Each structure stands twice: as C-alpha cells, then as structure tokens.
Amino acid sequence: MPAPQCATCHKARAALRRPRSGRALCGACFCAAFEAEVLHTVVAGRLLPSGAVVAVGASGGKDSTVLAPRLGISLRLVAVDEGIGGYRDAALAAVRRQAARWELPLTVVAYADLFGGWTMDAVARSTAGSGRSRACCTFCGVLRRRALEEGARLVGATHIVTGHNADDMAETVLMNFLRGDAARLARGGGLGSPGEGGALPRCRPLQLASQKEVVLYAHFRRLDYFSEECVYAPEAFRGHARHLLKLLEAARPSAVLDLVHSAERLALAPAARPPAPGACSRCGALASRALCQACALLDGLNRGRPRLAIGKGRRGLDEAGPPRDGEPERAPAPDAVPAF
Amino acid sequence: MCQVGEDYAEPASEEPPPRQPGREQKCVKCKEGLPVVVIRAGDAFCRDCFKAFYIHKFRAVLGKNRLIFPGEKVLLAWSGGPSSSSMVWQVLEGLSRESAKRLRFVPGIVCIDEGAACGLSPEARAKALAEMKLILQTVGFPWHVVALEEVFDLPPSVLRCFAQEPVGTEGAYKAAVDSFLQQQHVLGAEGAGDSPSLAQGEEQLSWPCTQDPQNPQSPDRPPTAAQTEALSRLFDSVKTLTAKEELLQALRTHLILHVARTHGYSKVMTGDSCTRLAIKLMTSLALGRGAFLAWDTGFSDERHGDVVVVRPMREHTLKEVAFYNHLFAVPSVFTPALDTKAPEKASIHRLMEAFMLRLQDQFPSTVSTVYRTSEKLVKAPRDGCAAGPPGPRCLLCMCALDIDTADSATAFGAQTPLHLSQTQPPTPPPTAPCCSAGMGRVQGCCGGARPCEREDPRARVIEQLCYGCRVNMKDLGLHRAADPGVPG
C-alpha cells in the first residue's frame, strides 16, 4: 500500500508516522516540526536565556548530536572520558568529528585526571566481588555529573544541557518506583534543575521528544553519531525498565509521553522530599550530607572499600552520624586492591 | 541492587538464600507448631499463627484508618475472585466474634455480572450466577446482583460529584464508638433489637436474604437481549484491550456506586490486594494517571463525594490470600475476565502484571517496595495550590482535571487529533436527548447527523476529561459518546 501524502505540505510522500499524534509526515516537514517543538520547549520553559554560555554534554551519541546545532546561543561542547576501553574512545572520535563539522570548541575532561586515576574500568575491577553486582552505573552516573560540572566551569559556561530524551525520563520514573526511591521521585519530573547553591542550572531540551523521533531526526539530517551501548550497560537495573518501556510502547505508542506526564504530576509527601542541600565539606559542591556523593564514592574507592558509600547509612565515612538501628551489620565486599 | 540505598548481601538471582528451611524448623511466631506456609522472605508460619496474622492484618488496616464508623452501612464489592472472597469471609468472621472485638458495621454485598462485556454465552453467565448465588446465600448478608447492562439505565447524576461530607476528626470517631456501645448496652438490656442498623445480638444474625423490597429491580430479572447486544457492541467498538479494561472499570465503578447510593451505603469495600495495587500503581503511571495515584491505590478513595471506597485488603499479598483461601476453604467463583487468555502484550495491564510478577521472582521485595512507595503519595492538588475553589472534574474518573493550557507535555504537539477550531456550529445542537439516553439510541440519532454535529459533542466530552481518560478516548469508536450518562 503506497505511503500517504505528508499531512503538512501535501506534496511529498510521507516517510514516517509520528508516534503521539499519528500524523504522517515527510522527512523535511518532520524535521521542521521537531525543531520547532524543541525550540518551544526551551522558550516556553525559559530554560536558556539569551546570552547564556551553554555547555552541551556531548557523548557522541544521537541525543547530544541532535541537540547541538539547534539552540541559537553560545555553545561549547564538553565531552567526558570515563575511561571505558573499547567504548568511550570510539564515541569520542565521533564527538571530535561533530565538533569539527559545526566548528564548536570542544573540551574533553577525563575521569583519570579529575578523580585521581580512577577510570571506570578501574572502578569495575575494584568493585567486582564474588557474585555481587559491580554497580558501575552508580559510580559512573555520579562521577560523570561531577565531571560535566568541572568541564562546564573550565569553559566558563552558565548553563549545562544534556540530551536526555523522553524515553530516558520514562525509564527513570519507572525505575524510581521499582526501587522505592521516593527522594528522586520528589525531586525529578521537571525540565531540569534551576541550579541551587552554586551548581550550574541544567536542562534537557529533548525531554519531551521520544527516542524514536530523535533517531529519525538524526537519520533525516544525516547526523554522524555513535550508537553502540556501553560495555557495562547489560548489568544495569535500568535494563529492566527499558525492556518494559519498549513493550509498553508497542502496546500503546503514546505510553512514553504518558509516563512523562505522570512523572510531572506526582505528589509526594513532604517527608519524602530530600532535605535542602548544603555544601560538601571537601570540595564545596552541592551536597545533602556532609560529603557529596562523588567525594564519598571516591573515598570508598581510595580506601579499598568501594561499597562504602553505597547503601544506607554510609557507615565508616568521615561524616557524623550513628549507624541506623535495625540494619543488620553486613560485612563489606572482600577488599580488592585496585590494579592499575 | 534493586532497592536504592540497600545493599544485598546475597546476589539477587543466582544463588538461593543461604538459610535452607530444614525439617526441624518451627513456626517463627510460636516456635512450636509445624510450619505450613512461608511468607515474605523466609518466615515460616504454622496454621494457627498464619490465621491470626492474616486476620490481624485485616483488622489493623481497618482500625488504623478509623474511617468506618460503627453502625455504618458498608457495601462489599465481590467479584467472585480470591481476594474479594477472602475479604467477604473476613467480614463474616469478624461480625460473628465475641462482642469486644466484633466488627461494628452493617455489610451488604454487590456482585456485578460482566459476562456481556467479556463475551460469555448466556448459559455460561447463568451457570456462574447460580454458583455465586449459592455462596451469597451461605454468607447471608443482603446481596445485590447487578448485570453490567444496567449501566445504560443510570441517571446522568452519577457523573456529578456530590458534596463531600467532612471527614470526622479523631474525637468524632471515638465519640461515635462510645455512643454506639452505649446504645448496644441499652438495647441488650431491653432484650430487643428491631432497628436494622443495631440488629446485632449475641446470637447469629439473621439477615434478609433477598433484595431490599423497596428496590424495584429484582435481582432475578435478566437484562434484555437488546441491552446485552448494545453492551457487546460498545465493547467491540473499542480498539484496544487497554481501553476496554479502563472502560469496564469505569462502568463497574459507576454501577457499584449507584447501587451503594440507592440502598443507602456510605462505604464500599473492594478486595484489592497488595500485589494488585502495586501492579495498578505501575499501570496507572503508564496510562498517564500519575496525578491520581494516591486515589487509585490508597486506602480510601473519596473522589465520589458521598460514597467512599476503601481497600482493606491492601496489605495482604496475593500469595497470602491464596494460601489462606486454600487452608481455610474460602469459597470463590472463577469467572473469565476481559483479559483471560489474552497474550501478554495485549494490553498495558497485562504487560505490567507480567513484568511485575517476573521481577518479583528475581527481586523478592519488588511488590512491597512499590507498595511502600505508594504510601508516600499524597492526595495533593497540583503545584500545592490548596486554596481556591476545587477545579473541574474528569467526566469519567471523577478526579480533578490535571491538564491546563500551559501544560508542557500537551503543549508539545496535538494530544487529540480533533481540533476544536475546525467546525463551529453557531448553536450547539441539542445533544442532551441523544447522548444521555443510551448507546443504542446514540447510534440511531447521530448516525445521520452531519459530521460537524457528530464531532462537536465528542470534542466537548474530550475537553472535560483528564489526560489518562483522553488517551483512552482515542481508542473508542468515533460515532459513540464515551459514556451513556453524559449530561447534556
């Protein structure tokens, strides 16, 4: 059956059907609609005022690739090198090609430089215990955000944008419910954080674009990006949420956006919300406890007890606080001396 | 790794828990009896301790929330399934105990016959009904069996939210209990209890076992074939199983509430178990009902105003319910539902159920984690704006609308394919007689109407729906209004 006419220009053949509204559009009209919607998100949410210097978290993947050329403000690309062999080096090559193509300044910050030699591969070796999960995403997520902040400061940015799309937000809300993370549920759902206590304001302009549309946009605009998944991704809990999301999307195409809508409207008890953040006693970054999570994780790694900061209570750290009652004392993972 | 902030000492799925239940293991509670069932993570209970634990949970949920006042009429929604059967049994047992611990409300049972929506043959429906009546007669409460077809006869007033009665304070509850006990004492001394609400003596209660004589509809009158066919057509016109399930739930709720209002019940009890509520929470998330999770899965649901829906089984897992029913011979009736034998990917509900149960296998605390998170949800209006008049309510689900023009997600592209600016008839056509009279007549009346007339009532309906109901509406057929009770 021949493809229908494009619903907007009525001239070209339709190339795709948008998941949310079901409208059939040709490539050019779709790209125009997509760009208009992203712009609308940014403008309506007043996310990036004019004159802002914006650090774009560029991973080389499709989301950050789509993001970069669309915002008409001063952009700097910041790429983070987590030190994952066989993955990040290839992705960085894609980032360098993109920077050359759009003539944007690129800064690469590496974990090895920022965090005292700890690459993700070293962390993985350190946390690998007998049968326990390596919790790589826990470390990588926290450290990457710290690295992005550092990179942004290096280039003198006033805002940070990342390419999280609607699928990411939907997976996040599913995950947070499954893991019982009421604090994150209470915090999340908005279009980014306004930037409290010295942290740069962050936003996610692609938040309301579903992943399918991002991929199609990258395809129609012939963007060059890197699409293999991280080496450590199969171990992540997010995989369950992602699998569920794909199934839901097959049953109902608008499921992703329905989840984002739900996430925006969750009402949690005030007691569940995290306390107002202060400053980390070591590095001065935003922290809800005496030590920010990045410093706490690094502390544990450096002491040879990588799981120190993971889990309730964070016992053994240099911060005040008695161990919680009712928590059975569990022996930490067998200490593995990190090998470089 | 499943729970945030928790570190599992043993790996999630690879190895079994280190403590193997041996033959010499005793009940963890009384340390004497031989365990017959394992609850939660390795707690083995003997038969008597399990029964006590189960009953205690039921009473504790009721007692903790203090919503059910003594002498109140409470309608038990019984589907025939294990959870609601267990609930009915708990109420039955609770009413026949010694006076100090006796439950103090006046129960009735309602059972909705959904055979037409599920496509059952009349013989199968009659058979199921007969089994149900047998059990209903054994239980002995006043019962009402209502066919789903009667939803066509509902007056439009069911969609109006009645003024909410102010929730009693702590003192009010205690005062009510004290005065009730005093009345009991007086009546007991006089030796007569002729008022129906205080008809509880020391001996077994004798309830009227048929319909209330004032009710013109007798339970034995079967629905007409035309109504059955209209209902089947309605459900067949819905394109996806997800929307069918949601429609069925909405119709069922409205029907139960109508029965409750007609017969003077102020509370409705549903038998949703912990597992079902966890699944329901995740399903509601995926359907776009994030704003209403506290009402959908909390203990009490007072969005309908005068009748409050409570969920006393919400702390019992399905496993506990199944074991209890098996060990203590609680009767239940199996009737096929809409999604019986449906493939796993057929609807969001089925997907979520399969996902949660599979994840529960791997991470045994999944259901309880989701349940505990659901307890942290509050019934707050949007953006914490508690002041001001209550906003408009959704036509179908009666929750405060969660959409406004500044909405980020809906501003991002069309939510519905209809555009209100397309066709503007000068005066709205008189849709009242056509849409509120029932499905069959809508078909005949609007069938020959011009397209703009047909679209306008639909657009007007859509703008009165919440986000989740709008998405469901998309799956309904174009030439029918969503609900027979649409007010004009």
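On a predicted model such as this, the values are computed, not experimentally measured, just so you know. Here the residue numbering is sequential within each chain, running from 1 through the sequence in written order. All chains are assigned letters beginning at A, and all ligands numbers beginning at 1, according to the order in which they are written. Restriction of local features to residues with pLDDT of at least 70 applies here, the model being predicted, together with a cutoff of 80 or more for giving and counting side-chain atom pairs; totals for whole chains, interfaces and linings are based on all residues. With hydrogens and water excluded, all non-hydrogen atoms of the structure serve as input to the side-chain values.

Describe the overall build of chain B, naming the residues involved and giving the relevant values.
Only DSSP runs of H or I reaching four residues or more are called helices, and only runs of E reaching two or more are called strands; each is numbered from the N terminus. Regarding its fold elements, chain B presents 17 helices and 8 strands. Working definition: with a 1.4 Å probe on protein chains only, accessible area under 20% of the residue-type maximum means buried, over 50% means exposed, and in between means partly exposed. In chain B, which comprises 488 residues, the proportion classed as buried is 50%. The contact criterion used throughout is that any non-hydrogen atoms of two residues lie within 4.5 Å. At a minimum sequence separation of 6, the contacts of chain B that also span at least 24 residues come to 75%. On chain B, roughly 22900 Å² of surface is accessible, and the fraction owed to carbon and sulfur atoms is 56%. Residue-level accessible areas treat just the shown protein chains as cover; the underlying method is Shrake-Rupley with a 1.4 Å probe.

I'd love a proper account of the overall build of chain A, names of residues and values included.
A count of helical and extended segments in chain A gives 12 helices and 10 strands. Per-residue burial over chain A gives 51% buried out of 340 residues. Across chain A, every contact between residues at least 6 apart in sequence was considered, and the portion connecting residues at least 24 apart equals 63%. Accessible area for chain A stands at about 15000 Å²; split by element, carbon and sulfur atoms hold 53% of it.

Let's hear about the packing of helix H8 (residues 274-286) of chain B against helix H12 (residues 366-375) of chain B: which residues, and what values?
All names here are of chain B. Packing of H8 against H12 brings their axes to within 9 Å, and their N-to-C directions diverge by 70°. With respect to H12, the element H8 is oriented roughly perpendicular. H12 is crossed by H8, and the crossing has left-handed handedness. Counting all contacts with H8, which are made through Cys 274, Thr 275, Ala 278, Leu 281 and Met 282, the residues of H12 involved are Val 367, Val 370, Tyr 371 and Ser 374. Each residue gets one of three labels, nonpolar for Ala, Val, Leu, Ile, Met, Phe, Trp, Tyr, Cys and Pro, charged for Asp, Glu, Lys and Arg, and polar for the others, Gly among them. For the contact of H8 with H12, the residue count by class is 7 nonpolar, 2 polar and no charged. Axis lines are fitted to C-alpha atoms, over the contacting stretch for helices. Their N-to-C directions set the angle, which ranges from 0 to 180 degrees. For classification purposes, angles smaller than 35 degrees are called roughly parallel, those larger than 145 roughly antiparallel, those between 65 and 115 roughly perpendicular, and all remaining angles oblique. Crossing handedness: left-handed means the near helix sits turned counterclockwise from the far one by under a right angle, and right-handed means the same turn made clockwise.

I'd like to hear about the sheet that holds strand S4 (residues 106-113) of chain B, residue by residue, with values.
Residue and element names in this part refer to chain B. One requirement defines pairing of two strands: DSSP has to find at least two bridges between them. Sheet architecture is open: 6 strands sit in the order S5-S4-S3-S6-S8-S7, paired in mixed fashion. The sheet is open, and its two edges are formed by strand S5 (143-147) and strand S7 (300-301), each paired on a single side. By the bridge criterion, 4 bridges tie strand S3 (residues 73-77) to strand S6 (residues 267-270) in an arrangement that is parallel. The residue bridging Ala 77 from the neighbouring strand is Thr 270, located in S6. Helix H2 (residues 82-95) rests against S3, S4 and S6 of the sheet, and its axis sits at about 145° to S3.

Give a detailed account of the environment of A:Pro19, specifying residues and quantitative values.
Residue and element names in this part refer to chain A. Along the polypeptide, Pro 19 turns up in the loop between strand S1 (16-17) and strand S2 (24-25). Sequence-wise, Pro 19 and Phe 226 are 207 residues apart; in three dimensions their C-alpha atoms are separated by 24 Å. Excluding residues that lie within four positions of it along the chain, Pro 19 makes contacts with Ser 210, Lys 212, Glu 213 and Pro 253.

Go over the pairing of strand S4 (residues 74-81) of chain A with me, naming the residues and quoting the values.
Residues and elements named next belong to chain A. When strand S3 (residues 53-57) meets S4, the two strands line up parallel, connected through 5 bridges. In the strand pairing of S4, Val 54 is matched with Leu 75. Direction of pairing for S4 relative to strand S5 (residues 106-110): parallel, over a ladder of 5 bridges. When the sheet's bridge partners are listed, Val 78 is paired in S5 with Thr 107. Where the polypeptide runs from S4 across helix H3 (residues 88-102) and back to S5, its parallel neighbour, the crossover connection is right-handed. Every crossover in which the path from the first strand over the helix to the second runs clockwise, viewed with the strands pointing away from the viewer, is termed right-handed.

Help me get a handle on the UniProt feature "domain: Cytoplasmic tRNA 2-thiolation protein 1 C-terminal" (unreviewed entry) in chain A, residues and values and all.
This chain's UniProt record puts "domain: Cytoplasmic tRNA 2-thiolation protein 1 C-terminal" (unreviewed entry) on residues 278-308 of chain A. Summarising residues 278-308 of chain A: 32% helix, 13% strand, and an end-to-end C-alpha distance of 21 Å. UniProt positions are given in the numbering used here, feature names are shortened, and annotations may be inferred rather than shown by experiment.

Before we move on, could you go through the nonpolar core and cite the residues and values that matter?
Within soluble globular proteins, side chains that are nonpolar generally end up buried alongside one another. With 50 residues, the main nonpolar core has A:Phe177, A:Leu248, B:Met282 and B:Met352 as its most contacted residues. Top element by residues in this core is helix H7 (residues 166-179) of chain A. It accounts for 8 residues. Discounting residues that sit within four places of it in the chain, A:Phe177 has contacts with A:Leu185, A:Leu266, B:Leu281, B:Met282, B:Leu285, B:Leu293, B:Thr369, B:Val370, B:Thr373 and B:Leu377. We define the nonpolar core as a collection of buried residues of types Ala, Val, Leu, Ile, Met, Phe, Trp, Tyr and Cys that are connected through side-chain atoms lying within 4.5 Å of one another.

Report on the pattern of salt bridges, specifying residues and quantitative values.
Criterion for a salt bridge: a side-chain nitrogen of Lys or Arg within 4 Å of a carboxyl oxygen of Asp or Glu. For the structure shown, the criterion picks out 32 salt bridges over all chains. Salt bridges sharing partners connect three or more residues here, namely B:Asp272, B:Arg289, B:Asp296, B:Asp301, B:Arg303 and B:Arg311.

Describe the state of the cysteines, listing the residues and the values that go with them.
Cysteine pairs can be linked by a disulfide, which is a covalent bond between their two sulfur atoms. In what follows, a disulfide is any cysteine sulfur pair within 2.5 Å. What the rule picks out here adds up to 0 disulfides over all chains. Distance from the sulfur of A:Cys137, which forms no disulfide, to the nearest cysteine sulfur (A:Cys230) is 6.7 Å.

Pulling in residues and values, what's your account of the packing of aromatic side chains?
Centre distance within 6.5 Å is the pairing criterion for rings of Phe, Tyr and Trp, where only the six-membered ring of Trp is used; planes under 30 degrees apart are then read as stacked, over 60 as edge-to-face, and the remainder as tilted. Enumeration according to the criterion identifies 10 aromatic pairs over all chains in this entry. With a centroid separation of 6.2 Å and an interplanar angle of 65°, the aromatic rings of A:Phe30 and A:Phe220 are classed as edge-to-face. Here the residue A:Phe30 occupies a position in helix H1 (residues 27-44), and A:Phe220 occupies one in helix H9 (residues 211-220), the gap between them amounting to 190 residues. Given the relative accessible area of 23%, A:Phe220 is considered partly exposed. Residues B:Tyr324 and B:Phe328 carry aromatic rings whose centres are separated by 4.8 Å and whose planes lie at 40° to one another, so their mutual orientation is tilted. B:Phe328 shares its class with B:Tyr324; the two are buried. Taken together, the ring pairs connect A:Phe30, A:Phe34, A:Tyr217 and A:Phe220 into an aromatic cluster.

Please set out helix H12 (residues 293-302) of chain A residue by residue, giving values where relevant.
In an α-helix, one turn spans 3.6 residues, which is why side chains three or four residues apart end up on the same side. With 8 of 10 residues buried, H12(A) lies mostly within the body of the structure. Along H12(A), the positions that sit buried rather than exposed are A:Ala294, A:Cys295, A:Ala296, A:Leu297, A:Leu298, A:Asp299, A:Gly300 and A:Leu301.

Break down unusual backbone geometry for me, citing the residues and quoting the values.
Residues and elements named next belong to chain B. Its identity is not glycine, yet Arg 66 carries a phi of approximately 50°, on the positive side. Taking the relative accessible area as the measure of exposure, Arg 66 reaches 33% and is therefore partly exposed. The phi dihedral of Met 398 is positive, around 65°, even though this residue is not glycine. In this structure, Met 398 sits in the loop between H12 and helix H13 (408-411).

Describe in detail the side chain of B:Glu149, supporting the description with residues and values.
Residue and element names in this part refer to chain B. One can find Glu 149 in the loop between S5 and helix H5 (170-190). Owing to a relative accessible area of 0%, Glu 149 belongs among the buried residues under this scheme. Polar contact is the term for a pair of N or O atoms within 3.5 Å; when the atoms are in protein, one must be able to donate a hydrogen and the other to accept it, and sequence-neighboring residues count only if both atoms are side-chain atoms. Within the structure, the side chain of Glu 149 is placed 3.0 Å from the side chain of Thr 228, a separation counted as a polar contact. In this structure, Glu 149 is in contact with Asp 113, Ala 116, Arg 125, Pro 223, Gln 227, Thr 228 and Leu 231, ignoring residues within four places of it in sequence.

Report on helix H11 (residues 348-362) of chain B, specifying residues and quantitative values.
Relative to the 21 Å expected for 15 residues at 1.5 Å per residue, H11(B) spans 21 Å between its end C-alpha atoms, a close match to the ideal helical length. Residues of H11(B) that are buried: B:Ile348, B:His349, B:Leu351, B:Met352, B:Glu353, B:Ala354, B:Phe355, B:Met356 and B:Leu359. Where the residues of H11(B) are buried, they touch H7, helix H10 (238-251) and helix H11 (255-264) of chain A together with helix H7 (241-262), H8 and H12 of chain B. Each helix should span, by expectation, one fewer than its residue count multiplied by 1.5 Å.

I'd like a rundown of the environment of B:Arg314, residues and numbers included.
Residues and elements named next belong to chain B. Secondary-structure assignment places Arg 314 in the loop between strand S8 (308-310) and helix H10 (318-327). A C-alpha to C-alpha distance of 8.5 Å links Arg 314 and Arg 276, two positions 38 residues apart in sequence. Setting aside residues up to four positions removed in sequence, Arg 314 forms contacts with Asp 272, Ser 273, Cys 274, Leu 277, Thr 297, Gly 298, Phe 299, Tyr 371, Ser 374 and Glu 375. Engagement of the side chain of Arg 314 in a polar contact is seen with the backbone oxygen of Thr 297, the distance being 3.1 Å.

Could you give an account of the pairing of S6(B), with specific residues and numbers?
Residues and elements named next belong to chain B. Because side chains alternate across S6, one face comprises the buried residues Lys 267 and Met 269, and the other comprises Val 268 and Thr 270, equally buried. By the bridge criterion, 3 bridges tie S6 to S8 in an arrangement that is parallel. Looking at S8, one finds that Lys 267 is bridged to Val 308.

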